[in-house]
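If you want the building blocks of each chain, they are given just below.
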Amino acid sequence: MRGSDERTGSLFSFVDLEERVPHRHPLRKIRQIVNEALASLDGEFARLYSSEGRPSIAPERLLRASLLQAFFSVRSERQLMEQLDYNLMFRWFVGLGVDDPVWDATVVTKNRDRLLDAEVAAKFMAAVLAHREVRPLLSSDHFSVDGTLVEAWASLKSFRAKDGSDEPPGPGRNGERSFHGEKRSNATHASTTDPDAKLYRKSSNVAAKLCFIGHALAENRHGLIVEADATRASSRAEREAALAMIERHDPGSERRLTLGADKGYDTRGFVAECRRLCVTPHVAAKMKHSAIDGRTKRHAAYAASQKKRKLIEEAFGWVKTIAGVDKVKVRGLERVRHCFTLAMTAYNLIRMPRLLGWATA
C-alpha cells in the first residue's frame with residue numbers, strides 16, 4: 001500500500017535530543033572529552049565574568065558551537081546560528097534544548113572576543129590534551145614543528161603608504177587600483193583594515209599576500225598538535241615561534257627531546273638554541289652550509305623524524321580546507337591566534353573517535 005505524503009503535525013514532542021543521536025556516533029566521544037575538558041576550566045571561566053548583571057552566553061556553549069563550526073565547515077557565525085535553529089544534532093552538541101532560542105550572530109562575536117584576553121583557546125587545547133584518555137596517545141620525547149601562511153581578511157587595495165603619498169582606489173564599492181611599477185614593502189606600507197597583516201610570500205614563484213603565519217608543534221606518535229600559535233609574517237617568525245612553543249610545552253626539561261623540521265629551520269642560530277634547550281634538532285639539512293652535521297644525521301632517529309614530521313601537513317591541510325583557516329574571517333593578531341588555535345584543537349578532537357576505537361557501528 002502506498003504511504004501518504006500528507007504532513008501530520010503535532011503540538012508536543014516527547015522525544016529527547018539524547019535519543020535522536022545514534023549511540024555510536026563519533027560526536028558522542030568528542031562531546032564527552034570536550035565536556036570533561038571544559039569542566040576543568042570552570043575556575044578560569046568564573047574569573048572572566050562578573051557576578052552581577054544579565055547572564056551572557058555560557059563560554060562552554062560558545063566553545064562547543066565554535067568546534068561545530070570547524071567540524072562542519074560552517075562559513076560564518078550567522079550560518080552557524082541558522083544551523084543551530086533547526087539542526088537537532090547541533091543543539092544536542094552545544095547543550096541547547098529543543099525550545100531554547102538561538103543567539104544573535106553579533107552577540108556571539110562579542111562574547112567570543114571576551115575569551116581572547118584569557119587565552120582560552122590555548123588553555124582549552126591543553127585541557128583536551130591532558131584528558132585521561134588522550135594523554136596516553138601522546139609522545140613526550142619526539143616532536144615536529146612547521147608553519148603555514150594564513151591569508152588575512154584584508155584586500156591588497158587596503159595596503160596603503162603610511163605617509164599617505166599613494167593614490168587611493170577609484171570610486172565605487174570595489175574601485176580600481178593599479179600597482180604596476182610601484183614599490184611596496186612592510187616598512188613603508190600597512191593595511192588600513194588589518195594593520196597586523198603583513199605582505200609576505202614563502203617562495204619566489206608565488207605572489208605576495210597580506211597574511212599571518214600559523215605555527216604548530218606536533219608529537220610524532222600520532223601527529224596530534226600539542227602547541228599552536230599565530231604571529232605576524234616575517235622571515236624569522238617560524239624559527240622564533242618554534243623555540244617558544246617547545247619551551248612552553250616542556251619548560252626547563254632536562255630530558256633529551258627531538259624536534260623534526262624542514263630546511264627553513266636549518267640555521268646556526270636555531271640549531272644552537274635547540275641544543276641549549278636540551279633538544280636534538282632533527283632538521284632537514286641543506287645541501288650547502290648546513291648547521292646539521294654527521295653527529296646528528298648518522299642516527300636512525302634522525303631518519304624517523306624526517307618521515308614523521310610530514311604528519312603535521314595533515315593538520316594544516318584539515319584546518320585550511322575543512323575548518324576554513326585558509327583565509328581567516330577575523331581581523332587582528334589576537335583573533336587570528338584564537339581562531340587558529342581553536343581550529344587545531346578541533347583537528348585533534350575529530351581524530352579522537354578513531355584513535356580511541358570509537359566509531360559508528
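Refer to the structure printed above.
Quick look at the structure, then. Bear in mind that the values here come from a model prediction, so they are computed numbers and not experimental data. (Residues numbered from 1 in each chain as written. Predicted model: local features only at pLDDT ≥ 70, side-chain atom pairs only at ≥ 80, totals over all residues. Heavy atoms only, no water.)

**Observations concerning the pattern of salt bridges**
Formally: We count a salt bridge whenever a side-chain nitrogen from Lys or Arg sits within 4 Å of a carboxyl oxygen from Asp or Glu. The numbering of helices and of strands both runs from the N terminus, where a helix is a DSSP run of H or I of at least 4 residues and a strand a run of E of at least 2. Buried means the residue's accessible area, taken with a 1.4 Å probe over protein chains only, is under 20% of the maximum for its type, while exposed means over 50%, and partly exposed covers the values in between.
In total, this model carries 22 salt bridges according to the counting rule given. Between E334 and R337 there is a salt bridge, and its shortest N-O distance comes to 2.9 Å. Of this pair, E334 and R337 both sit in helix α14 (residues 333-355), 3 residues apart, which is roughly one turn of the helix. Exposure remark for R337: the relative accessible area of 22% places this residue in the partly exposed category. Where salt bridges share partners, they join E77, R112, D113 and R335 into one cluster.

**A look at the nonpolar core**
Rules: Throughout, nonpolar core names a set of buried Ala, Val, Leu, Ile, Met, Phe, Trp, Tyr and Cys residues whose side chains join them through atoms within 4.5 Å. Any two residues whose heavy atoms approach within 4.5 Å at even a single point are treated as in contact.
L67, F71, W103, F124, I225, L259 and M344 are the most contacted members of the largest nonpolar core, which totals 97 residues. When residues no more than four places from it in sequence are discounted, the contact partners of F124 are V34, A37, L38, L41, L67, L342 and T345. Core analysis: the second largest hydrophobic core is formed by 5 residues, Y200, C211, I213 and A237 among them.

**Points about the side chain of D196**
Formally: Definition of a polar contact: a pair of N or O atoms within 3.5 Å, with one able to donate and the other able to accept a hydrogen when the atoms are protein atoms, and with sequence-neighbouring residues admitted only if both atoms are side-chain atoms.
Inspection of the secondary structure assignment puts D196 in the loop between β3 (189-191) and β4 (198-200). At 2.9 Å, the side chain of D196 and the side chain of R232 are in polar contact. Here L333 takes part through its backbone nitrogen, which lies 3.0 Å from a polar atom of the side chain of D196. Excluding residues that lie within four positions of it along the chain, D196 makes contacts with F212, R232, G332 and L333.

**What to know about the packing of aromatic side chains**
Short version of the rule: We call Phe, Tyr and Trp rings a pair once their centres come within 6.5 Å, taking the six-membered ring for Trp, and we label the pair stacked below 30 degrees between planes, edge-to-face above 60, and tilted otherwise.
For the coordinates displayed, the defined rule picks out 5 aromatic pairs. Geometrically, the ring pair formed by W318 and Y347 is tilted, given 6.0 Å between the ring centres and 55° between the ring planes. Placement of W318 in helix α13 (residues 311-321) and of Y347 in helix α14 is noted, with a sequence separation of 29 residues between them. Residue W318 shares its accessibility class with Y347, and that shared class is buried. In this structure an aromatic cluster arises from ring pairing among F71, W92 and F93.

Purely geometric numbers; function is a separate question.
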